[in-house]
Amino acid sequence: MYKRPARSGATTDKTVSPISDPYTPSPLESTFNNNPTVSNIIVINNSSSAISVFVSKYSNSNGDDSWFTISPGARDSWNRAGWELVAFKNANDTNRAGVYVPTNAVVTFHDFVHISVL
């Protein structure tokens with residue numbers, strides 16, 4: 001617990017709890033967290049279904065920005081040199097989600113509401 005400073009004009013201080021993240025990295029994800037020796041964006045599918053993944057190629061014009069399928073529990077990586085969009089879609093293309101990440105990021109897809117970036 002910590003005490004939040006009073007804002008200008010506030011009459012009382014309130015004690016608030018810091019927000020804790022209930023997310024715990026998967027074993028597969030943990031193996032990539034501390035290895036920024038190459039300029040890759042790593043994507044891990046931590047869901048129970050195959051997922052299609054797109055990684056933009058703003059920083060690597062020779063890269064491929066096609067949709068690729070990643071099986072449940074599998075991973076893939078894309079060689080990029082700067083910030084890129086990582087997008088996901090389901091097999092029917094009825095759900096999509098994405099995140100904008102730097103190189104050496106590990107992006108883990110849990111579901112369309114829960115995508116973590118380390």
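In case you missed it, the structure is sitting above this.
Described below are features of the structure shown in this document.

Parameters and conventions
- Residues numbered from 1 in each chain as written.
- Predicted model: local features only at pLDDT ≥ 70, side-chain atom pairs only at ≥ 80, totals over all residues.
- Heavy atoms only, no water.
- Helix = DSSP H or I, 4+ residues; strand = E, 2+ residues; numbered from the N terminus.
- Buried < 20%, exposed > 50% of the residue type's maximum accessible area, 1.4 Å probe, protein only.
- Contact = heavy atoms within 4.5 Å.
- Patch = residues over 30% accessible without salt bridge, like charges linked within 9 Å, V, L, I, M, F, W, Y side chains within 5 Å.
- Areas by Shrake-Rupley, 256 points an atom, 1.4 Å probe, with all protein chains shown as cover.
- Salt bridge = Lys/Arg side-chain N within 4 Å of Asp/Glu carboxyl O.
- Phe/Tyr/Trp six-rings, centres within 6.5 Å; stacked < 30°, edge-to-face > 60°.
- Lys NZ or Arg CZ within 6 Å of the ring centre and 35° of its normal.
- Pairing = 2+ DSSP bridges.
- Core = buried A, V, L, I, M, F, W, Y, C linked by side-chain atoms within 4.5 Å.
- Axes fitted to C-alpha atoms, helices over the stretch in contact; angles between N-to-C directions.

## Brief notes about the overall build of the protein
Moving on, step 1. When helices and strands are counted, the protein shows 1 helix and 10 strands.
Moving on, step 2. The helix and strand sequence of the protein, counted from the amino end, reads β-β-α-β-β-β-β-β-β-β-β.
Moving on, step 3. Looking at the protein residue by residue over its 118 residues, the buried ones come to 32%.
Moving on, step 4. For the protein, contacts bridging at least 24 residues in sequence account for 47% of all contacts bridging at least 6.

## A short note on a nonpolar patch on the surface
Moving on, step 1. Nonpolar side chains collect at one region of the surface, where Tyr 58, Trp 83 and Tyr 100 lie side by side and expose about 450 Å² of accessible area between them.
Moving on, step 2. In this fold, Tyr 58 is placed in the loop between strand 4 (51-55) and strand 5 (68-70).

## Brief notes about the packing of aromatic side chains
Moving on, step 1. Overall, the coordinates contain 5 aromatic pairs when judged by the stated rule.
Moving on, step 2. Centre to centre, the rings of Phe 68 and Trp 78 are 6.0 Å apart; their planes meet at 65 degrees, and the pair counts as edge-to-face. With Phe 68 in strand 5 and Trp 78 in strand 6 (residues 75-79), the pair connects residues that are 10 residues apart, well separated along the chain.
Moving on, step 3. The exposure class assigned to Phe 68 is partly exposed, which follows from its relative accessible area of 29%.
Moving on, step 4. Under the relative-accessibility criterion, Trp 78 is labelled buried at 6%.
Moving on, step 5. Cluster of aromatic residues (ring-pair linked, three or more members): Phe 88, Phe 109 and Phe 112.
Moving on, step 6. In this arrangement the basic side chain of Lys 89 is found over the ring face of Trp 67, its NZ or CZ atom lying 4.5 Å from the centre.

## Observations concerning the pattern of salt bridges
Moving on, step 1. Scanning all chains against the criterion turns up 1 salt bridge.
Moving on, step 2. One salt bridge in this structure joins Asp 93 and Arg 96, with 2.7 Å as the shortest N-O distance.

## Details of the pairing of strand 4
Moving on, step 1. Judged by how many residues are buried, strand 4 sits mostly within the fold: 5 of 5 residues are covered.
Moving on, step 2. Burial of strand 4 is two-sided: the residues Ile 51, Val 53 and Val 55 facing one way and the residues Ser 52 and Phe 54 facing the other way are all buried.
Moving on, step 3. Pairing of strand 4 with strand 7 (residues 84-89) involves 4 bridges; the strand directions are antiparallel. Pairing of Phe 54 across the sheet is with Ala 87, part of strand 7.

## Observations concerning the nonpolar core
Nonpolar side chains tend to gather and get buried jointly when the protein is soluble and globular.
Moving on, step 1. Grouped together as the largest cluster of nonpolar side chains are 14 residues, with contacts concentrated most on Ile 41, Val 43, Val 53, Val 86, Phe 88, Val 101 and Val 107.
Moving on, step 2. Elements that contribute at least two residues to this core include exactly strand 3 (40-45), strand 4, strand 7, strand 8 (96-101) and strand 9 (106-109).
Moving on, step 3. With 3 residues, strand 4 is the single largest residue contributor to this core.
Moving on, step 4. Setting aside chain neighbours within four positions, we find Phe 88 in contact with Val 43, Ile 51, Ser 52, Val 53, Trp 67, Asn 95, Arg 96, Ala 97, Val 107, Phe 109, Phe 112 and Ile 115.

## Points about the sheet that holds strand 7
Pairing between sheet strands relies on hydrogen bonds along the backbone, with the strands arranged either parallel or antiparallel.
Moving on, step 1. The 4 strands lie next to each other as 5-4-7-8, forming an open sheet whose pairing is antiparallel. Each end of this open sheet is capped by a strand with a single partner; those strands are strand 5 and strand 8. Going from strand to strand, the sheet's axes swing by 30 degrees on average, the running direction of each strand aside.
Moving on, step 2. Pairing between strand 4 and strand 5: 3 bridges, direction antiparallel. Of the residues in strand 5, the one forming a bridge with Ser 52 is Thr 69.

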